[in-house]
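Geometric and topological summary
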Amino acid sequence: MLSAEQLADKVGAYHPDADLALVRRAYAFSQRAHDGQLRKSGDPYFIHPVSVAGIISELKLDVASVCAALLHDVVEDTEVTEADLEREFGHEVAFLVDGVTKLSKINFASKHDRTAESFRKLVVAMSRDIRVLVVKLCDRLDNMRTLEHMSDEGKERIATETMDIYAPLANRLGLARFRDELQDLSFKHINPDAHLDVSRSVDATAASRDAGIARVCQSLTGKLAQQGFACHVTGRSKHLYSIWRKLQERQCTFEQVYDLTAFRVVMESVSDCYAALGVIHSLWTPVPGRFKDYIALPKPNMYQSLHTTVFGPGHQRIEVQIRTHEMHGVAEHGIAAHWRFREKISGGLDPKDAAQFAWLRQLMESQDELKDPAEFLESVKIDLFQDEVYVFTPRGDVRAFPRGATPIDFAYSIHTDLGDHCNGARINGGLAQLAYKLRNGDLVEILTSPDQRPHKEWLDWALTAKARGRVRSYLRETQREKSMKLGRDLLEKELHLANISLVKIEKSPAEAGRLCEKLGYPRLEDIFVHVGYGKLKAQDVVLAVAPKEEPDSSRPTLPPAAIRQGRIEAFMRKVTGRNSHGVLLNGVDDVLVRYTKCCNPLPGDEIVGFLTRGRGVTIHRRNCEKGFEADPERRVAVAWDPKAQINRQVQLSVTTANRPGILATVGQTFHLAGINLSEAACRAGLDGRAENMFTFLCADLAQLKNVMKRLGKIDGVVEVRRV
């Protein structure tokens with residue numbers, strides 16, 4: 001563990017004018033605050049913030065970032081408040097710490113909601129100061145390095161979150177080293193068997209590969225020197241997760257993967273980079289279609305290089321990246337390479353560099369559009385996905401999108417109104433449908449119509465969070481208007497039977513206000529909407545307007561929200577039997593439940609419920625796309641009934657090699673897991689694979705995960721996927 005003086009010396013080495021006394025004070029403050037606290041490993045907790053500060057100093061960031069790293073857990077895990085930090089260390093440090101702090105003291109509906117809402121808060125904070133994200137990534141990196149002390153469930157959950165969110169965020173900041181290490185550490189805990197296999201294969205061939213790297217570096221350096229170029233050539237093995245992805249994509253063995261190494265050629269100038277490309281192509285034959293020019297067309301994270309793949313010595317494929325020294329600095333340190341130290345930093349990023357982070361602005365727009373935390377988190381996973389396509393606007397501007405994006409995503413990225421009214425596109429001068437998937441280099445022009453409006457099927461085509469959020473928002477607004485009209489009509493008829501005029505109530509603000517107060521709604525329109533949705537019975541509104549009898553004044557009165565919830569529960573009891581259906585609605589077990597076929601939830605899955613008219617509560621898995629499309633106003637908190645014994649039908653898609661005996665092995669695995677197959681559909685393909693669909697009854701998520709894990713270990717099983 002670094003001492004206070006060692007940490008101060010590291011900061012002083014790259015920032016001579018730094019306030020090192022502040023670093024020492026933050027070190028001592030954090031040490032006192034965490035005194036007596038232990039990590040799960042049994043080590044003093046203070047080791048963690050010091051390690052995070054050490055990583056920050058390796059990136060050569062400013063004093064405020066180092067102090068924030070030292071103090072990032074004191075508000076969450078000790079009695080220290082944000083006000084205490086502001087008083088001791090100033091507003092800048094306090095703000096950075098607050099941005100990183102999780103929302104652990106707020107009671108969310110589930111751990112998933114808490115994680116999602118914490119990430120929403122992180123997005124808001126890092127949009128104001130990108131250093132928040134850098135500190136958070138360093139925090140996550142140190143936690144991942146010591147993850148082995150967590151429970152198996154905790155390791156898998158945190159590793160999956162890291163792989164889905166934090167590794168792509170590191171990539172967006174240009175922190176390639178962080179991305180690679182986070183991916184490898186996540187891979188180790190998500191798929192430990194595959195990680196071990198790849199690691200053993202890499203270690204077994206390390207000596208011969210290192211010798212090959214040395215030979216290629218010597219050949220490249222010598223050839224470029226002959227042409228009069230000053231250069232620096234290095235080679236490295238690709239990281240484990242990258243190799244595993246190649247194995248999965250190509251469906252081959254480790255011995256059949258030839259491009260396991262990558263070489264970097266660092267030149268003096270941009271013109272030298274292009275000249276070096278010519279020299280390399282004259283030395284070795286280039287692989288067709290494997291050249292990318294990221295110098296002329298930089299990645300959104302400011303990364304620049306020329307990439308080419310050639311048939312090197314022994315006709316082995318090797319990848320070569322060619323860049324200048326400045327480009328290499330950005331590739332290694334990302335945003336940290338663009339840092340500007342000042343006495344008073346506001347965001348710490350040069351304005352011209354900040355323009356490169358349009359993706360962060362898009363994240364902000366997404367969190368404004370998508371109020372449901374789980375929906376926001378799922379959309380971010382798509383927007384941060386690494387594989388991207390680069391397309392051109394009619395003006396020649398370059399825009400990056402996730403692979404699979406369509407003209408709808410393009411239109412909404414330009415302007416919301418353009419997206420709302422788009423009815424087609426011209427791609428490279430030719431007409432294209434809105435479902436067209438954009439390709440690298442496409443020139444995109446959006447066609448509009450004043451009568452065009454978003455349709456539900458757009459959700460099947462749009463991919464980015466902004467586009468999907470806007471379409472969902474429009475559909476919900478439309479549904480609300482329809483429900484308001486329906487609810488008003490139903491209520492008007494019911495009031496008419498009781499000789500009460502709805503128009504009279506609407507014209508009397510006092511009377512309308514009393515009705516809203518009785519029912520616990522802010523406005524009369526909300527009552528119409530809830531009647532239209534079926535969340536509120538028209539007869540209950542009539543009773544509120546003209547009660548049949550005066551309530552007993554000796555009885556305690558319930559608050560409006562409790563009255564409304566009680567009516568929901570009473571309604572559920574009325575339309576259902578007494579046997580538990582496996583789900584609790586606020587503790588009530590006799591709820592009419594309908595499980596959706598779109599996501600087929602199992603006990604153990606995180607679930608969400610939606611009230612429906614006359615059909616009780618519809619249950620979705622929390623991350624279900626169809627659930628995201630449902631109106632959030634009809635959402636209710638539900639949980640699995642631990643007392644109920646439920647067997648739900650589940651389908652697994654198992655892709656295997658097409659060879660004799662493997663189907664028998666798969667069937668035996670199901671039997672050993674205690675599962676009786678009710679149906680199996682198997683089909684052999686021309687590519688040497690077989691697609692198998694198995695249907696069976698499953699008790700809970702744990703049983704499903706167990707059989708999926710067993711199936712994944714069978715030699716010849718390529719993929720196991722829950723349908």
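Here we summarise the structure given alongside this text. No experiment lies behind these values; they were computed from the predicted model shown.

Notes on the overall build of the chain
The number of helices and strands found in the chain is 31 helices and 21 strands. Within the chain, buried positions represent 49% of all 723 residues. Contacts spanning at least 24 positions in sequence make up 65% of the contacts within the chain whose residues lie at least 6 apart. For the chain, the exposed surface amounts to about 35200 Å²; the carbon and sulfur share of it is 50%.

Here's the deal with the pattern of salt bridges
Per the counting criterion, the structure on display carries 20 salt bridges. For Asp-526, the salt bridge goes to Arg-523, with nearest N and O atoms at 3.5 Å. The exposure class of Arg-523 is partly exposed, given its relative accessible area of 45%. One salt bridge in this structure joins Asp-605 and Arg-722, with 2.7 Å as the shortest N-O distance.

Thoughts on the pairing of strand β7 (residues 388-392)
Across the 5 residues of β7, 4 count as buried, placing the element largely inside the fold. Across 5 bridges, β7 lies against strand β8 (residues 398-402) in antiparallel orientation. Note on β8: the bridge partner recorded for Tyr-390 is Ala-400. Connecting β7 to the antiparallel partner β8 that follows it, the hairpin turn spans 5 residues, and Gly-396 within it adopts a positive phi of roughly 95°.

Some words on the sheet that holds strand β21 (residues 717-722)
Read from one edge to the other, the open sheet built from 4 strands follows the order β19-β20-β18-β21, with strand pairing classed as antiparallel. Either end of the sheet is taken by a strand with one partner, and the two such strands are β19 (677-684) and β21. Direction aside, the axes of adjacent strands within the sheet are offset by 15° on average. Sheet analysis places β19 next to strand β20 (residues 689-698), joined by 7 bridges and oriented antiparallel. Bridge pairing links Leu-677 to Phe-696 in β20. In the packing of helix α30 (residues 662-672) onto the sheet, the strands contacted are β18 (648-657), β19, β20 and β21, and the crossing angle to β20 comes to about 20°. Running over the sheet, helix α31 (residues 701-712) touches β18, β20 and β21 and is turned about 165° from β21.

Focus on the pairing of β18
Counting buried positions along β18 yields 7 of 10 residues, so the element is predominantly enclosed. Direction of pairing for β18 relative to β20: antiparallel, over a ladder of 10 bridges. Note that in β20 the partner of Ala-657 across the bridge is Arg-689. For β18 and β21, the ladder comprises 5 bridges, and the chain directions are antiparallel. From the neighbouring strand, Val-654 faces β21, where its bridge partner is Val-720.

A closer look at the nonpolar core
Counting residues in each nonpolar core, the largest one holds 59 residues, and the members touching the most others are Leu-71, Leu-85, Leu-137 and Phe-178. Of all hydrophobic cores here, the second largest spans 23 residues; its members include Val-216, Val-233, Cys-273 and Val-310.

As for the packing of aromatic side chains
Two aromatic rings, taken as a pair, are described by how far apart their centres are and by the angle between their planes. Using the criterion set out here, one finds 10 aromatic pairs in the structure. Ring plane angle 85° and centroid distance 5.3 Å describe the contact between Phe-29 and Phe-89, whose orientation is recorded as edge-to-face. Separated by 60 residues along the polypeptide, Phe-29 in helix α2 (residues 20-33) and Phe-89 in helix α6 (residues 82-89) bring together distant segments of the chain. A relative accessible area of 13% means that Phe-29 is categorised as buried. A relative accessible area of 8% means that Phe-89 is categorised as buried. Taking the centre distance of 6.1 Å and the plane angle of 70° together, the rings of Tyr-294 and Tyr-303 count as edge-to-face. According to the relative accessible area criterion, Tyr-303 is buried, its value standing at 13%. These aromatic residues form a ring-pair network of at least three members: Phe-187, Tyr-241 and Trp-244.

Some remarks on unusual backbone geometry
If you check the backbone angles, Lys-60 has positive phi at about 60° while not being a glycine. Backbone geometry at Asn-499 places phi at a positive 60°, although glycine is not the residue there. Following the sequence through the fold, Asn-499 ends up in the loop between α23 (465-497) and α24 (502-507). Residue classification places Asn-499 among the exposed residues on the basis of a relative accessible area of 75%.

Comments concerning a positive patch on the surface
A surface patch of positive charge is lined by Arg-290, Lys-292, Arg-317 and Arg-403. Summarising the element assignment, Lys-292 is placed in strand β4 (residues 292-293). We classify Lys-292 as partly exposed; its relative accessible area is 43%.

Observations regarding the environment of Thr-612
For Thr-612, the location among the structural elements is in the loop between β14 (607-611) and β15 (617-621). Residue classification places Thr-612 among the buried positions, given a relative accessible area of 10%. Along the backbone, Thr-612 and Arg-634 are 22 residues apart, and their C-alpha atoms lie at a distance of 7.8 Å. For Thr-612, the residues in contact, after removing those within four places along its chain, are Thr-618 and Arg-634.

A word on the side chain of Arg-140
Its place among the elements puts Arg-140 in helix α9 (residues 131-145). Residue Arg-140 is classed as buried on the basis of its relative accessible area, which comes to 7%. Among the polar contacts listed, one links the side chain of Arg-140 to the side chain of Glu-161, at a separation of 2.6 Å. Discounting chain neighbours no more than four positions away, the residues touching Arg-140 are Ile-158, Glu-161, Thr-162, Tyr-166 and Leu-182.

Comments concerning the side chain of Thr-669
As for its position among the elements, Thr-669 is in helix α30. We classify Thr-669 as buried; its relative accessible area is 11%. Beyond its immediate chain neighbours, meaning those up to four positions away, Thr-669 contacts Arg-710, Leu-711 and Ile-714.

Re the sheet that holds strand β13 (residues 593-595)
Ordered in space as β13-β15-β14-β16, the 4 strands form an open sheet in which the pairing is mixed. Unpaired on one side and paired on the other, β13 and β16 (635-636) mark the two borders of the sheet. In this structure, β13 lies alongside β15, joined through 3 bridges in parallel fashion. Looking at the pairing, Arg-594 lines up with Thr-618 of β15.

Remarks on the packing of α30 against α31
It is at 10 Å that the axes of α30 and α31 come closest, and there the two elements cross at 150°. Compared by their axis directions, α30 and α31 come out roughly antiparallel. In this structure, α30 crosses over α31, and the sense of that crossing is right-handed. Here α30 contributes Val-666, Thr-669, Phe-670 and Leu-672 to the contact with α31, which in turn contributes Val-707, Arg-710 and Leu-711. Looking at the contact of α30 with α31 residue by residue, the class counts come to 5 nonpolar, 1 polar and 1 charged.

Rules of the game
- Residues numbered from 1 in each chain as written.
- Predicted model: local features only at pLDDT ≥ 70, side-chain atom pairs only at ≥ 80, totals over all residues.
- Heavy atoms only, no water.
- Helix = DSSP H or I, 4+ residues; strand = E, 2+ residues; numbered from the N terminus.
- Buried < 20%, exposed > 50% of the residue type's maximum accessible area, 1.4 Å probe, protein only.
- Contact = heavy atoms within 4.5 Å.
- Areas by Shrake-Rupley, 256 points an atom, 1.4 Å probe, with all protein chains shown as cover.
- Salt bridge = Lys/Arg side-chain N within 4 Å of Asp/Glu carboxyl O.
- Pairing = 2+ DSSP bridges.
- Axes fitted to C-alpha atoms, helices over the stretch in contact; angles between N-to-C directions.
- Core = buried A, V, L, I, M, F, W, Y, C linked by side-chain atoms within 4.5 Å.
- Phe/Tyr/Trp six-rings, centres within 6.5 Å; stacked < 30°, edge-to-face > 60°.
- Patch = residues over 30% accessible without salt bridge, like charges linked within 9 Å, V, L, I, M, F, W, Y side chains within 5 Å.
- Lys, Arg positive; Asp, Glu negative; His and termini not counted.
- Charge placed at Lys NZ, Arg CZ, Asp CG, Glu CD.
- Polar contact = N/O pair within 3.5 Å; in protein donor to acceptor, adjacent residues only side chain to side chain.
- Parallel < 35°, antiparallel > 145°, perpendicular 65-115°, else oblique.
- Left-handed = near helix turned anticlockwise from the far one by under 90°.
- Nonpolar A, V, L, I, M, F, W, Y, C, P; charged D, E, K, R; others polar.

That is the geometry; function is a separate question.
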